[in-house]
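# A structural walkthrough
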Amino acid sequence: MEKAAGSTQDSPHHRLDADRAEVIPERLAVVTGGNKGVGLEVCRQLALQGVTVILTARDEKRGKYAAESLRRESELTNIIFHQLDVRDDNSVTSLAQYIESRYGKLDILVNNAAVSGIVADEEGLKALNIDAETWTSGRAANLLKEVFQNTYDEAVNCLNTNYYGCKRVTEALLPLLKLSTSGARIVNASSLASELKRMPNEKLRNDLCNINIWDEDRIESVLNTFLEDLTNGRVEEAGWPMMLPTYSVSKMIINLYTRIMARRYPEMRINCVRPGFVKTDICWNLGVLTPEQGARGPVMLALLPDDGPTGCYFDQTEMVNVW
C-alpha cells in the first residue's frame, strides 16, 4: 500500500493513512501461539523493536491475559490480542478480515503454534530423568515407549496444528503479506526433530531432500500414508521416526513447505527456525534454554533485511543444512 497523499508521520513507527483515518504501523506482525513460552517472548521482543504485534491464541481468556501482561509489565502499547485457532477455517478467516479492515496489510507472520502429538504420562516422564543430550539426540525414543502414547486422534490434531494450521494461516494472510510496506517475512517454527538424518525411511529421506518433486498435494498424500501406518501399528516397520513420530514428521514437512513457499514467493524472506531446547510446555519443561533465548532466532528472521536469506533452516540464529 502506497503512502496516502497528504498523510502525516505520526511517530517513527507509524503513519496515518488518509483513507482509513487511523494509524497504520510501519511493521505489523502476527504471532500464532503467542500466549506463552517462545511465542509470548517473540511478541515481547518484536514489540520492543517497535513492531506492532497481534498476539494470537486459541484460548481467548489466556490470550487476553498474556497481551495485557505484556502491555503492563513491559510498558508496551503496541500489543494487540486476536483469538485464533489455526485448526479452524472460520477462525483464520476472521483474523484475516480483521487485519484487512483495520490495517490493509501485514509485514511479518510467525507461525509458532504447535503441539506434541503425544499423550504423555507426565509423572512417569519426570521419573525417567532424561538428560538434555539424550533427549535432543533422539536416543530417548526407547525409554519413552512406556510413558508416551501415539494415538490417532492426537496425531491428527498434531498434523492439523503444526502443518495444516501453518499452511491455513499462511495462505489466508498471503494477500496481506503481498501488500507489506517493509518487505514480507514469514518465520515457521521447526525443531531438531526435523533433521532428515532422523528419518529411517531412506527413499522418503531422499525424496524430502529434493524440493523439485514436491507440492502440497504430494505432502498431503505422504501425511495420509503416515496416519495409515500409525493406525495399523506400522510406524517402525515403515521407517518413520520413532522419537515423537507425528511431531517429527510434521516438522520435516514444515521445512519442506518453507522451501516450497520461498521458491514460490522470492520477493519475501521465508525461513524456518529451531528455537532450541527451550523449557516450555511442549517439551514438558525438560528444556535447558529460557524462552528469551529461544525467541532470538525467530525474531532475527522476522526482522531480516531485504537481502537476507530465504528458504533456509536456522538452529537458533545459525543457518544450518538439515536436508
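Along each chain, residues carry numbers from 1 onward, in the same order as the chain's sequence is written. Local features in a predicted model are, by the rule used here, given only for residues with pLDDT of at least 70; side-chain atom pairs are given and counted only at 80 or more, and totals for whole chains, interfaces and linings are based on all residues. Each side-chain value is worked out from all heavy atoms of the structure, with water and hydrogens disregarded.

### Brief notes about the layout of surface pockets
- Approximately 210 Å³ is the volume found for the second largest pocket.
- What lines the second largest pocket is a set of 15 residues, and nearest its centre among them are Lys 145, Asn 150, Val 235, Met 242 and Pro 245.
- The residue makeup of the lining of the second largest pocket, split by class, is ten nonpolar, two polar and three charged. Buriedness of a pocket was judged along seven lines, with at least five required to meet protein on both sides within 12 Å; pockets are open sets of points on a 1 Å grid over the protein atoms alone, cavities are sets where a 1.4 Å probe fits but cannot get out, and lining residues have an atom within 4 Å of a point. Grid points are joined across faces, edges and corners, and a volume is the space filled by probe spheres set on the points. Only Asp, Glu, Lys and Arg are considered charged in this grouping, and only Ala, Val, Leu, Ile, Met, Phe, Trp, Tyr, Cys and Pro are considered nonpolar; every other residue, Gly among them, is considered polar.

### Details of the pattern of salt bridges
- Throughout this description, the term salt bridge denotes a Lys or Arg side-chain nitrogen within 4 Å of a carboxyl oxygen of Asp or Glu. Across all of its chains, the model carries 18 salt bridges by this definition.
- Linking Lys 197 and Glu 195 is a salt bridge whose minimum nitrogen-to-oxygen distance equals 3.5 Å.
- Asp 207 serves as the salt-bridge partner of Lys 203, at 2.7 Å between the closest nitrogen and oxygen. Here the residue Lys 203 and the residue Asp 207 both occupy positions in helix H8 (residues 202–209), the gap between them amounting to four residues, near one helical turn.
- It is possible to trace a salt-bridge network through shared partners that takes in Glu 195, Lys 197 and Arg 198. Secondary structure elements follow DSSP: runs of H or I of four or more residues count as helices, runs of E of two or more count as strands, with numbering from the N terminus.

### Points about the packing of helix H7 (residues 164–177) against helix H10 (residues 245–264)
- To define axes, lines are fitted to C-alpha atoms, for helices over the stretch in contact only, and angles between the resulting N-to-C directions are given on a 0 to 180 degree scale. Viewed as axis vectors pointing N to C, H7 and H10 meet at an angle of 20°, and their least axial separation amounts to 11 Å. In terms of orientation, H7 lies roughly parallel with respect to H10. With respect to the hand of their crossing, H7 and H10 are arranged in right-handed fashion. Taking contact as the criterion, the partners of Cys 166, Lys 167, Thr 170, Glu 171 and Leu 174 in H7 are, on H10, Ile 254, Tyr 257 and Met 261.
- For the contact of H7 with H10, the per-class residue count stands at five nonpolar, one polar and two charged. Any angle that is under 35 degrees is reported as roughly parallel, and any over 145 degrees as roughly antiparallel; angles of 65 to 115 degrees are reported as roughly perpendicular and all others as oblique. A clockwise turn of the near helix away from the far one marks a right-handed crossing, whereas an anticlockwise turn of less than a right angle marks a left-handed crossing. We call two residues in contact whenever any of their non-hydrogen atoms come within 4.5 Å of each other.

### Considering the environment of Val 169
- Residue position: Val 169 is located in helix H7.
- For Val 169, a relative accessible area of 1% gives the class buried.
- Each C-alpha atom of the pair Val 169 and Arg 87 lies 9.0 Å from the other, and the pair is 82 residues apart in sequence.
- When neighbours within four sequence positions are excluded, Val 169 is seen to be in contact with Thr 32, Leu 84, Val 86, Val 92, Leu 109 and Asn 111. To sort residues, take the accessible area from a 1.4 Å probe on protein chains only and compare it with the maximum for the residue type: under 20% means buried, over 50% means exposed, and anything in between is partly exposed.

### Notes on the pairing of strand S5 (residues 52–57)
- Most of S5 is tucked away: six of the six residues are buried.
- Neither face of S5 is left uncovered, since the one carrying Thr 52, Ile 54 and Thr 56 and the one carrying Val 53, Leu 55 and Ala 57 both have all their residues buried.
- Paired strands, in this sense, are two strands between which DSSP finds at least two bridges. As paired elements, strand S4 (residues 28–31) and S5 share four bridges and run parallel to each other. Directly across from Val 31, in S5, lies its bridge partner Leu 55.
- Chirality of the crossover, the property in question, places the unit of S4, helix H1 (residues 37–48) and S5 among those that are right-handed.
- Both S5 and strand S6 (residues 79–83) contribute to a ladder of five bridges, which runs parallel. Its bridge partner lying in S6, Leu 55 is registered against Phe 81. Look down the strands so they point away from you; if the path from the first strand over the helix to the second goes clockwise, the crossover is right-handed.

### Considering the nonpolar core
- As used in this record, nonpolar core signifies buried Ala, Val, Leu, Ile, Met, Phe, Trp, Tyr and Cys residues forming a set joined through side-chain atoms within 4.5 Å. Core analysis: the largest hydrophobic core is formed by 54 residues, its most contacted members being Ile 54, Ile 99, Leu 173, Leu 208 and Trp 240.
- Taken together, the elements giving at least two residues each to this core come down to S4, helix H3 (89–102), helix H6 (152–162), H7, H8, helix H9 (216–231) and H10.
- The dominant element in this core, judged by the number of residues it contributes, is H10, at nine residues.
- Beyond its immediate sequence surroundings of up to four residues, Leu 208 is in contact with Leu 196, Met 199, Trp 214, Met 252, Ile 253, Leu 256 and Arg 259.

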